[in-house]
Amino acid sequence: MEMKSINKKRVLQCIQDYAPISRAEISAKIKISKPTVSILVDELIQDNWVIEKGIGEASSQGGRRPIQLFFNDQAAYVIGIDIGGTKVKIIISDLSGNIVAENSFKTNEYLETGLLSQISNEVEWLINKEKIAQDTILGMGVGIPGITDTVSGLVVEAPSLNWFNYSFINEAKKYFSFPIYADNDVNVAALGEQWLGKAKNKNNVLFIAIGTGIGCGIIINNQLYRGSSSAAGEMGYMVTDKKDVKSNFKPVFYRYGYLESVAGGKSIGEKLTEKIRNQGEHPLFETVKNTELSAETAFKLAQAGDKIAQQIIDDATDHLSYGIVNAASLLNPEVIILGGGVSKSAEQILPNVREIVNQYLPSSVEIYTSQLGDNAGVLGAVSLFLREHESIIKHS
């Protein structure tokens, strides 16, 4: 029975990867006899995971044209959730990552009254709106902004949500009857980018999220690397200037790393504000008397030719690039993806990053900005579920 299940999975995977494909072609590709392939395909059709369509080309010897097989990506659906410090995004996706429904809400509006309760309401609303049958929902994947143990579902710490040793999966089971998997949000975004983005078909990937802080999702030999206490990839703690860290660096809040303090989005905005306040003669001088500027403003000003903003972004880019050199020399990825809030302006810094990294790195590496953008987290959450649950074969 075990061998049959393994073979069934191989047949289905082959159809997913190579559709449209015939029974005979599957047999040749995965080296399983034609009668066995035929039986397994018939079962997969019966279970609605595979559909037959049209007819293929006749063989060179003539004869009957083979029936073509396709993976039925709408046989079931998965819910993907990205819980951020600012907003919670929810999607329902088919098995190929096509989003069929989505919604979002502000995180802080429900932190006190119950985030999971609101997520449950939103999910129910989306399912009803799209008239999706409950039994076609396989389960849910969730990205959480903090150290999360995937096996136990325990959130060790997620400061932006005020969750410490929070038993997320156990709490979520009170609201949802289907299986749930959770992981750190940057790990999840790395999976999304590997599944459907710029890291597709790559087995060794670094996904660097640059927002308020700087985190990194690491995929080695096609497996997420989480570390001994699920805290791998905390790239924001790297030190890229010994002198500066000794004389100036004071963590602004609990567990805030050096690289974040010089290259994170928050620090870019703060440094720009401080420089303009000190300089006096600047069009935004009156504005910064009462307001902190954002990294987004810094990038816009730099693009418009503002020298102060450009200098701050150049400094941040240098530090970020040295951090990337350090990480890439250790892990030797095929591709590095820049994501997170700052990545919206990443095209401005990408040429400099590539130049510095290629100058110092012993072997070359591809560097891109995130292709999935805001959807990296939710689609990654769907990918997390599909990888962890192996849901299709368990259902078939």
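From a predicted model like this one, the values you see are computed outputs, not experimental measurements.

As for the UniProt feature "transmembrane region" (unreviewed entry) in the protein chain
Next, step 1: Taking the numbering used here, the UniProt-annotated feature "transmembrane region" (unreviewed entry) corresponds to residues 205-225.
Next, step 2: For residues 205-225, helix accounts for 0% and strand for 71%, while the C-alpha atoms at its two ends are 10 Å apart.

Focus: the sheet that holds strand β6 (residues 137-144)
Next, step 1: If you walk across this open sheet you meet the 5 strands as β5-β4-β3-β6-β10, and the pairing is mixed. The outermost strands of the open sheet, each flanked by one partner alone, are β5 (99-106) and β10 (180-184). On average, each strand axis in the sheet is inclined to that of its neighbour by 15°, with strand direction left out of account.
Next, step 2: The sheet contact formed by strand β3 (residues 77-83) and strand β4 (residues 87-94) spans 7 bridges and is antiparallel.

Comments concerning the side chain of Glu260
Next, step 1: Mapped onto the elements of the fold, Glu260 is located in helix α8 (residues 258-263).
Next, step 2: Residues contacting Glu260, with those up to four places away along its chain left out, are Gly213, Ile214, Gly236 and Ser267.

A few points about unusual backbone geometry
Peptide bonds are, in most cases, trans, and in most cases residues other than glycine have a negative phi.
Next, step 1: Omega for the bond connecting Ala19 with Pro20 falls within 30 degrees of zero, at 0°, which places this linkage in the cis form.
Next, step 2: Topologically, Pro20 is positioned in the loop between α1 (2-18) and α2 (23-30).
Next, step 3: Located in the positive-phi region is Lys31, a residue other than glycine, with phi close to 60°.
Next, step 4: Mapped onto the fold, Lys31 is located in the loop between α2 and α3 (34-46).
Next, step 5: Unlike most non-glycine residues, Asn162 shows phi in positive territory, near 60°.
Next, step 6: Along the chain, Asn162 falls in the loop between β8 (154-158) and β9 (163-167).

Observations regarding the side chain of Asn184
Next, step 1: By the element assignment, Asn184 lies in strand β10.
Next, step 2: In terms of polar contacts, Asn184 uses its side chain to reach the backbone carbonyl oxygen of Gly146, at 3.1 Å.
Next, step 3: Sequence-distant contacts of Asn184, that is, excluding residues within four places in its chain, are made with Ile144, Gly146 and Thr148.

Regarding the sheet that holds strand β12 (residues 214-220)
Next, step 1: Taken together, 5 strands build an open sheet; the order of strands is β13-β12-β11-β14-β15 and the sheet is mixed. Across the chains shown, the open sheet's two edge strands, defined by having one partner strand only, are β13 (223-224) and β15 (366-369).
Next, step 2: Note that strand β14 (residues 335-339) and β15 share 4 bridges and pair parallel. Residue pairing for β15: Ile336 is matched across the bridge by Ile367.
Next, step 3: The strands touched by helix α6 (residues 185-196) within the sheet are β11 (205-210), β12, β13 and β14, with β12 carrying the most contacts at an inclination of about 50°.
Next, step 4: This element, helix α13 (residues 346-360), spans β14 and β15 of the sheet and lies at about 170° to β15.

Structural notes on the environment of Gly341
Next, step 1: Inspection of the secondary structure puts Gly341 in the loop between β14 and α13.
Next, step 2: Its relative accessible area of 45% is what places Gly341 among the partly exposed residues.
Next, step 3: Distance from Gly341 to Arg277, taken between C-alpha atoms, is 25 Å for residues 64 residues apart in sequence.
Next, step 4: When sequence neighbours within four positions are dropped, the list of residues in contact with Gly341 reads Ile210 and Gly211.

Looking at the nonpolar core
Next, step 1: Val11, Ile15, Ile26 and Trp49 are the most contacted members of the largest nonpolar core, which totals 44 residues.
Next, step 2: For this core, the secondary structure elements donating two or more residues are α1, α2, α3, β2 (67-71), α6, β11, β14 and α14 (376-389).
Next, step 3: Per-element tally for this core: the top contributor is α14, with 7 residues.

Regarding the pattern of salt bridges
Next, step 1: Following the criterion strictly, the structure yields 15 salt bridges and no others.
Next, step 2: Between Lys129 and Glu130 there is a salt bridge, and its shortest N-O distance comes to 3.2 Å.
Next, step 3: Judged by its relative accessible area of 45%, Lys129 is partly exposed.
Next, step 4: Owing to a relative accessible area of 33%, Glu130 belongs among the partly exposed residues under this scheme.
Next, step 5: Via salt bridges that share partners, Lys4, Lys8, Glu43 and Asp47 belong to a single interconnected network.

Observations regarding the packing of helix α9 (residues 265-279) against helix α12 (residues 307-331)
Next, step 1: Here α9 crosses α12 at 145°, and the two axes come no closer than 10 Å. Helix-helix and strand crossings are classified by hand; for α9 and α12 the assignment is right-handed. Contact residues: α9 offers Ile268, Lys271, Leu272, Lys275 and Gln279, while α12 offers Ile308, Ala309, Ile312, Ile313 and Ala316.
Next, step 2: Across the contact of α9 with α12, the residue classes tally to 7 nonpolar, 1 polar and 2 charged.

With respect to α14
Next, step 1: The terminal C-alpha atoms of α14, which comprises 14 residues, lie 20 Å apart, in line with the 20 Å expected from a rise of 1.5 Å per residue.
Next, step 2: Of all the 14 residues making up α14, 11 are buried; the element is thus mostly covered by neighbouring parts of the structure.
Next, step 3: Every buried residue of α14 is accounted for by Ala376, Gly377, Val378, Leu379, Gly380, Ala381, Val382, Ser383, Leu384, Phe385 and His389.

Quick notes on the pairing of β11
Next, step 1: Burial of β11 is extensive: 6 of the 6 residues sit out of reach of the surface.
Next, step 2: Burial of β11 is two-sided: the residues Val205, Phe207 and Ala209 facing one way and the residues Leu206, Ile208 and Ile210 facing the other way are all buried.
Next, step 3: When β11 meets β12, the two strands line up antiparallel, connected through 6 bridges. Within β12, the position partnered with Ala209 by the bridge is Gly215.
Next, step 4: Between the end of β11 and the start of β12, which pair antiparallel, lie 3 residues.
Next, step 5: As defined by bridge partners, β11 adjoins β14 across 5 bridges and the pair is classed as parallel. Bridging from a neighbouring strand, Ile208 pairs with Leu338 of β14.

Rules used throughout
Residues numbered from 1 in each chain as written. Predicted model: local features only at pLDDT ≥ 70, side-chain atom pairs only at ≥ 80, totals over all residues. Heavy atoms only, no water. UniProt positions renumbered as here; feature names shortened; annotations may be inferred. Helix = DSSP H or I, 4+ residues; strand = E, 2+ residues; numbered from the N terminus. Pairing = 2+ DSSP bridges. Axes fitted to C-alpha atoms, helices over the stretch in contact; angles between N-to-C directions. Contact = heavy atoms within 4.5 Å. Polar contact = N/O pair within 3.5 Å; in protein donor to acceptor, adjacent residues only side chain to side chain. Buried < 20%, exposed > 50% of the residue type's maximum accessible area, 1.4 Å probe, protein only. Core = buried A, V, L, I, M, F, W, Y, C linked by side-chain atoms within 4.5 Å. Salt bridge = Lys/Arg side-chain N within 4 Å of Asp/Glu carboxyl O. Left-handed = near helix turned anticlockwise from the far one by under 90°. Nonpolar A, V, L, I, M, F, W, Y, C, P; charged D, E, K, R; others polar. Expected span 1.5 Å × (residues − 1).

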